[in-house]
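Survey of secondary and tertiary structure
One-letter residues, chain by chain:
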Amino acid sequence: MQLTKKEIEHIAKLARLDLTDAELEKYGGQLSGILGYIDMLKEVDTAGVEPTAQVTGLLNVLRDDGVMEWDESEREAALKDAPDREGRFIKVKRVFE
Amino acid sequence: MSLNQLTIKEASEKLAKGEISSVELTAACLARIKDVDEKVKACLTVCEAEAMEMAKAADERRANGRKGELLGIPMLLKDNIMTAGIRTTAASKILDDYVAPYDATVIKRLKEAGAIILAKTNLDEFAHGASTDNSAYGASRNPWDLERVPGGSSGGSAAGVASDMSIFALGTDTGGSTRYPAAFSGIVGLKPTYGRASRFGLIAMTSSTDVPGVLGKTVEDAAIVLNKIAGVDEYDATTVPAEVPDCTKNLNKPIKGMTIGLPDEYFIEGIHEGVVKAVDAAIETLKKFGVKFKKVSLPHTKYAIPVYYIITPSEVSSNLARFDGIRYGFSEQKGAKNLFEIYSKSRGKGFGPEAKRRIMLGTYALSAGYYDAYYLQAQKVRTKIREEMYAALEGVDCLLTPTAPHPAFKVGKQVDDPLKMYLEDIFMAGPSLAGLPAVSVPCGFALPDDGKTSMPVGLQLIGKRLDEATILRIGHQYEQATEWHKMKAEI
């Protein structure tokens, strides 16, 4: 089953990846390849089998819902790499058109 | 012997006796980096000033009565581990000038123990790969043959330790990324149990299998480092609150009468005959200790590949969503008409081809209408793989397998034969999916089909959950009965 160019473009859009035509074609072929793996997995009888979300067996690992203040230098370290800032805010292009 | 060639055990004894200082030890390592890294290409960011400062501080702490096996010991760190104030790139252009604002928990613990940060090392971009060929900064080289890869994704760390640029290194292991380069480079690579050591501050790849890994010159060294990085962490809810045993304590406790399982599905056609010879010889060596061997079967082994190849890109696609050009990292501002284009152009330009490929695969596997058939089904099959491994381990003390099916290949020469690609991952994926501890220990050399220089071979010991102590104990005694750990590459 081959994926159409439209389907591949849709996935690239979901992934927020701006791909060239060459890349779209390359990944398209590889995406179709993954379907081979799915077929293989269908062989396994998984009736009544729980999916493994995690292997530790831990449940409900909680912590106190408290605020941990960062000092000025920590805040600056976290914010300094933002491409566009206004004071302690990161400036972005408009979210709604 | 120059100071940089010492093991942690040797160096810490000399430091404790006052025979050497951390400043001298660190200077020796930095000199070695200057000497050979142009050829080995292990390091992305060398922290000369920081290292000397940390070394001075370690010497001062020692003068003030502070002790510890890692006090003043220089280390290399894989560049997908956050180090406060130091450039951290994950070998990706999207983080080319990113400076980490905080330390990973494992880094914090090692700093508290007094270890010295020498440099951040090369890897496949975002840990996607097994050779460092996928690094945005070019592949690292194997010290045993500079035309070959050191393995990956923790290739820089492995090459650095193998060429004595440092005393030990940290890597990560998601699907073999510490064990595999250890085997290719002739050193020890330890993958702890999932949940044994904190992932906080590790740039996430596959959250359900990622672990920090230890690369060392000896098994005992790996145990020393594990002692320090292991333990529950309040910043990582997947760390297990189990007691951390001192893994160095019983390394020499006799292993006579122990039983090691040999899984049928890991000893199959296609393995390089030099690897087969080396692993068979290692089995004979262990038999001399009075260790018994038993055949076991893991029938679902072959499904580890499709399971791994669905789960990994799925989780990768989610974890790499944070690189969006908004808060940090590469941001394509010009030519971006709106917010969406900031995202898509920053990511399109900043990510390398393998990262983009995995994001596409994962996005597809998780998209509406496919999640159940793909990701969920993979996690169900994973349960069967996991339960099968646990069951096999109940009747034995650990499992033994080859680490890699062949010795190191040449740079840029990706494995194309489908059967061979299958074998690449099949030894590594099982323990990762099951969350089990595993260690690769050097067990000999093999001559690659396309070369004239014999290359290292590693054997893998897979342990029960949280039982690093047993695999380290067996690994250590095997190592001490052989000379592999004393052999050094000539660069």
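These remarks concern the structure in this document. (Residues numbered from 1 in each chain as written. Chains lettered and ligands numbered in written order. Predicted model: local features only at pLDDT ≥ 70, side-chain atom pairs only at ≥ 80, totals over all residues.)

1. Side note on helix 7 (residues 219–229) of chain B
All names here are of chain B. By the criterion of burial, helix 7 is predominantly enclosed, with eleven of the eleven residues buried. Here helix 7 has its buried residues at Val219, Glu220, Asp221, Ala222, Ala223, Ile224, Val225, Leu226, Asn227, Lys228 and Ile229. Looking one or two residues past helix 7, Gly231 carries a phi angle of roughly 125°, positive in sign. (Buried ≥ 20, exposed ≤ 12 C-beta atoms within 10 Å, placed from the backbone. Helix = DSSP H or I, 4+ residues; strand = E, 2+ residues; numbered from the N terminus.)

2. Some remarks on the environment of B:Tyr266
Residues and elements named next belong to chain B. Mapped onto the elements, Tyr266 comes out in the loop between strand 7 (259–263) and helix 8 (273–288). For Tyr266, a count of 23 C-beta atoms within 10 Å corresponds to the buried category. Residues Tyr266 and Leu400, spaced 134 residues apart in sequence, show a C-alpha to C-alpha distance of 9.1 Å. Once you skip the residues sitting within four places of it in the chain, Tyr266 turns out to touch Thr401 and Phe427. (Contact = placed C-beta atoms within 7 Å.)

3. Some points on unusual backbone geometry
All names here are of chain B. In this structure, the amide linkage connecting Gly152 to the following residue, Ser153, adopts the cis form with an omega of 10°. Here the phi dihedral of Ala90 falls at roughly 55°; this positive angle occurs in a residue that is not glycine. The backbone of Ala91 sits at a positive phi, close to 55°, despite the residue not being glycine. Assignment of secondary structure puts Ala91 in the loop between strand 2 (74–78) and helix 4 (105–112).

4. Quick look at the pairing of strand 6 (residues 211–216) of chain B
Along a regular strand, successive side chains alternate from one face of the sheet to the other. All names here are of chain B. Counting buried residues in strand 6 gives six out of six residues, a clear majority hidden from the surface. Every second residue of strand 6 is oriented toward a common face, with Val211, Gly213 and Leu215 on one face and Pro212, Val214 and Gly216 on the other, all of them buried. Sheet topology places strand 4 (residues 168–173) next to strand 6; six bridges connect them, and they run antiparallel. From the neighbouring strand, Ala169 faces strand 6, where its bridge partner is Leu215. Pairing of strand 5 (residues 188–191) with strand 6 involves three bridges; the strand directions are antiparallel. Bridge pairing links Leu190 to Val214 in strand 6. (Pairing = 2+ DSSP bridges.)

5. A few points about the packing of helix 1 (residues 5–14) of chain A against helix 11 (residues 353–366) of chain B
Taken N-terminus to C-terminus, the directions of helix 1 of chain A and helix 11 of chain B make an angle of 100°; their axes are 9 Å apart at the nearest point. Taken together, the axes of helix 1 of chain A and helix 11 of chain B lie roughly perpendicular to each other. On the side of helix 1 of chain A, the interface is formed by A:Ile11, A:Ala12 and A:Leu14, while helix 11 of chain B contributes B:Met360, B:Thr363 and B:Tyr364. Here the contact of helix 1 of chain A with helix 11 of chain B is built from residues that sort into five nonpolar, one polar and no charged. (Axes fitted to C-alpha atoms, helices over the stretch in contact; angles between N-to-C directions. Parallel < 35°, antiparallel > 145°, perpendicular 65-115°, else oblique. Nonpolar A, V, L, I, M, F, W, Y, C, P; charged D, E, K, R; others polar.)

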